[in-house]
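# Tertiary structure, described
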Amino acid sequence: MTKINKAACIGGGVIGGAWAARFVLAGIDTKIFDPHPEAERIIGEVMANAERAYSMLTMAPLPPKGKLSFAKTVEEAVEGADWIQESVPERVDLKRNVLTQIDAAADPKALIGSSTSGIMPTDLQRDMKHPERMFVAHPYNPVYLLPLAELVGGEKTSKATLEEAKAKLAPIGMKGVIINKEIEAFVGDRLLEAVWREGLWLIKDDICDTETLDDVIRYSFGIRWAQMGMFETYRIAGGEAGMRHFLAQFGPCLSWPWTKLMDVVDLDDALVEKIANQSDAQSGARGIRELERIRDQNLVGIMQALKAGDEGRGWGAGKLLSEFEDHLWKNAPVPSASTSDEPIKLLDIKVHPSWVDYNGHMTEFRYTQCFADSADALLRLIGVDMDYVAAGHSYYTVENHVRLLAEAKLGDALYVKAQVLPSDGKKLHTFMWLYRAADDTLLSTCEHLMLHVSSKEGKSVPPLADVLAKLQPLIDAHAGLAKPDAAGRYVGQKKA
Ligand SMILES: NC(=O)c1ccc[n+]([C@@H]2O[C@H](COP(=O)([O-])OP(=O)(O)OC[C@H]3O[C@@H](n4cnc5c(N)ncnc54)[C@H](O)[C@@H]3O)[C@@H](O)[C@H]2O)c1
């Protein structure tokens, strides 16, 4: 995949800060220019939220974080950057000035995206010397989690720029969609504005309050939209006769009409006061950062559910997450088999929200999952990778014995250590310990036995020579370690 090597964020507010988090967590060195006196503190808080969200989002190995630094000028920020993202306030004169400054200082081949929510790129690129590489990359908040960027070119933007931008977003887990024609507010904000305008009328006319309106969305079509959007959803609503029937049935009511259409509500002081008061009553008990954390946790859960959609093949944003994870795994450094006589550290993870049961603790089978993932990590260490499996060889688990010793809670960082017990390679016998990282508390142990198999022949066979050559030194290195206390003990058996 073609990738971004170095990024610059000009403007580091709600959107610019979250773009920076997206870049840094994808391993890209990022420089920010923002004259706000508290820019570093604000971006630090966004980074913390983003890291928390990523630790729940995926267990795939994220690359080492990129370096985040702050520049004193636009020129310093864009030096050497191949993706520059402008996210200054939504004023055409200000954006034009900033973009012209970026254009003059940046490498002429660097891509320049604007986060504008609605200004046409033709208007923004007017004064640029190299306008062909400037486009709108309109993201959604929080940029570090929501993967979409609408890519919109202006009259002078080259088609190749949009294709390159789309290709470069994929390795950072984003989906660039190229919009055919430029238009104010593009696609997403046009839709949102229509709903927003209607929502303001419903509050003004006392049809409902803000909480009721939000409930109507989040208990119904809000969930539906997250997975199938509008047209696919309505196709289903048309029943077996599909879209044509749906249009025939609901088309005529568009002209009644049910909605206020283009009437613009007067946001006078009274309406502002009414909405602000209702919003305080609805959500005022929680601070913004707390609401952001709740939002992020919910978004992570939705994306993980979508990852399991379409019978495990992934659906919508979940399919994209799955592709991002494949990319991370493919690019993860291949561990070299350590021949130290210490147990090997195999897993570093955090307890996901979906792993917690009604007691508030990590649920039972997730302990087993930690050990299964550790066994996978051990296999990768000895060269049992996807190519090896595709060629018809693998290790299958035939027995394990998990002991649960202490509780893990949401967000706890965990790690696993493993000792390879004497075995002949066809059998791979390990003992693993799961610890809480904060205080090295032992939470669980697992004695685990795998058998090497030929999946084509359907029987156990010795591993190929390359694998054995990596495994044997590990077995030898651990041969001098004492047998773990619980190894070979059956359930309830006391120590001898
Ligand atoms: N907030 C959203 O939900 C959202 C979503 C998508 C797109 N956008 C777009 O993103 C852009 C930024 O919006 P935001 O919500 O992050 O606003 P914001 O007010 O949170 O951030 C703007 C930042 O730009 C900085 N700034 C001002 N002048 C600058 C300059 N000359 N050089 C560098 N930095 C400068 C400010 O100090 C501030 O930190 C806007 O174009 C907006 O339309 C916003």
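Throughout what follows, the structure given in this document is the object of discussion. (Residues numbered from 1 in each chain as written. Predicted model: local features only at pLDDT ≥ 70, side-chain atom pairs only at ≥ 80, totals over all residues. Heavy atoms only, no water.)

So, on to the overall build of the chain. Counting secondary structure elements, the chain contains 16 helices and 14 strands. Counting only C-alpha atoms and orienting by the principal axes, one finds that the chain spans roughly 80 × 50 × 50 Å. When the 496 residues of the chain are sorted by exposure, 43% land in the buried category. Restricting to contacts in the chain with at least 6 residues of sequence separation, those with at least 24 account for 70%. For the chain, the accessible surface area stands at approximately 26,300 Å², while carbon and sulfur atoms represent 56% of it. Between the centroid of the 56 positive side chains of the chain and the centroid of its 69 negative side chains there is a distance of 4 Å. (Helix = DSSP H or I, 4+ residues; strand = E, 2+ residues; numbered from the N terminus. Buried < 20%, exposed > 50% of the residue type's maximum accessible area, 1.4 Å probe, protein only. Contact = heavy atoms within 4.5 Å. Areas by Shrake-Rupley, 256 points an atom, 1.4 Å probe, with all protein chains shown as cover. Lys, Arg positive; Asp, Glu negative; His and termini not counted. Charge placed at Lys NZ, Arg CZ, Asp CG, Glu CD.)

In the region of the ligand, 22 residues are neighbours, and Ile15, Asp34, Glu90, Lys95 and Ser117 sit closest. Aspartate 34 has a polar side-chain atom sitting 2.6 Å from an oxygen atom of the ligand. Serine 117 is positioned such that a nitrogen or oxygen atom in its side chain is 2.6 Å from an oxygen atom of the ligand. For the ligand, the protein covers 73% of the area, taking 830 Å² as the surface of the free molecule. For the shell around the ligand, the secondary structure elements donating two or more residues are helix 1 (14–25), helix 4 (92–105) and strand 6 (134–139). In terms of residue count, helix 4 provides more of the shell around the ligand than any other element does, three residues in total. (Near = heavy atom within 4 Å. Polar contact = N/O pair within 3.5 Å; in protein donor to acceptor, adjacent residues only side chain to side chain.)

Time to look at the side chain of arginine 22. Counting through the fold element by element, arginine 22 comes out in helix 1. For the buried arginine 22, no salt bridge is present, and the opposite-charge side chain at shortest range is aspartate 296, 10 Å distant. Sequence-distant contacts of arginine 22, that is, excluding residues within four places in its chain, are made with Tyr54, Val143, Tyr144, Leu145, Leu146, Pro147, Ile172, Gly173 and Met174. (Salt bridge = Lys/Arg side-chain N within 4 Å of Asp/Glu carboxyl O.)

Attention now moves to the pattern of salt bridges. Per the counting criterion, the structure on display carries 25 salt bridges. In this structure, aspartate 296 and arginine 295 form a salt bridge, with 3.0 Å as the shortest nitrogen-oxygen distance. Since its relative accessible area comes to 24%, arginine 295 is described here as partly exposed. A salt bridge links lysine 345 to aspartate 348; the shortest N-O distance between them is 4.0 Å. Note on lysine 345: relative accessible area 48%, which makes it partly exposed. What makes aspartate 348 exposed here is its relative accessible area of 57%. Sharing partners across several salt bridges, the network here consists of Glu38, Arg41, Glu45, Arg289 and Glu292.

For the rest of this paragraph, the subject is helix 10 (residues 242–250). Turning to helix 10, its buried residues are Gly242, Met243 and Phe246. For helix 10, the buried positions fall inside an angular range of 100 degrees around the axis, keeping them on one side. What points out from helix 10, more than 90 degrees from its buried face, is the exposed set Arg244, Leu247 and Ala248. At its buried positions, helix 10 is contacted by helix 9 (231–237). (Arc of directions from axis to C-beta.)

Here helix 16 (residues 465–478) is 14 residues long and its end C-alpha atoms lie 20 Å apart, about the 20 Å a rise of 1.5 Å per residue gives. Every buried residue belonging to helix 16 is among Val467, Leu471, Leu474, Ile475, Ala477 and His478, and all of these are buried. Among the structural elements, strand 9 (344–350), helix 14 (364–381), helix 15 (386–390), strand 10 (393–404), strand 11 (413–420) and strand 12 (427–436) are those in contact with the buried residues of helix 16. (Expected span 1.5 Å × (residues − 1).)

Okay, the sheet that holds strand 1 (residues 6–10) next. Taken in spatial order, the eight strands make up an open sheet running 3-2-1-4-5-6-7-8, and their pairing is mixed. What marks the edges here is a single partner per strand, and that holds for strand 3 (68–70) and strand 8 (175–178). Pairs of neighbouring strands in the sheet enclose a mean axial angle of 25 degrees, with direction left out of account. Sheet topology note: the strand 7 (residues 148–153)/strand 8 ladder contains four bridges and is parallel. For alanine 149, the partnering residue across the bridge sits in strand 8 and is glycine 176. Across the face of the sheet, helix 1 comes into contact with strand 1, strand 2 (29–33), strand 3, strand 4 (83–86), strand 6 and strand 7 while running at roughly 170 degrees to strand 1. Against the sheet, helix 2 (residues 39–57) touches strand 2 and strand 3, its axis set at about 165 degrees to strand 3. (Pairing = 2+ DSSP bridges. Axes fitted to C-alpha atoms, helices over the stretch in contact; angles between N-to-C directions.)

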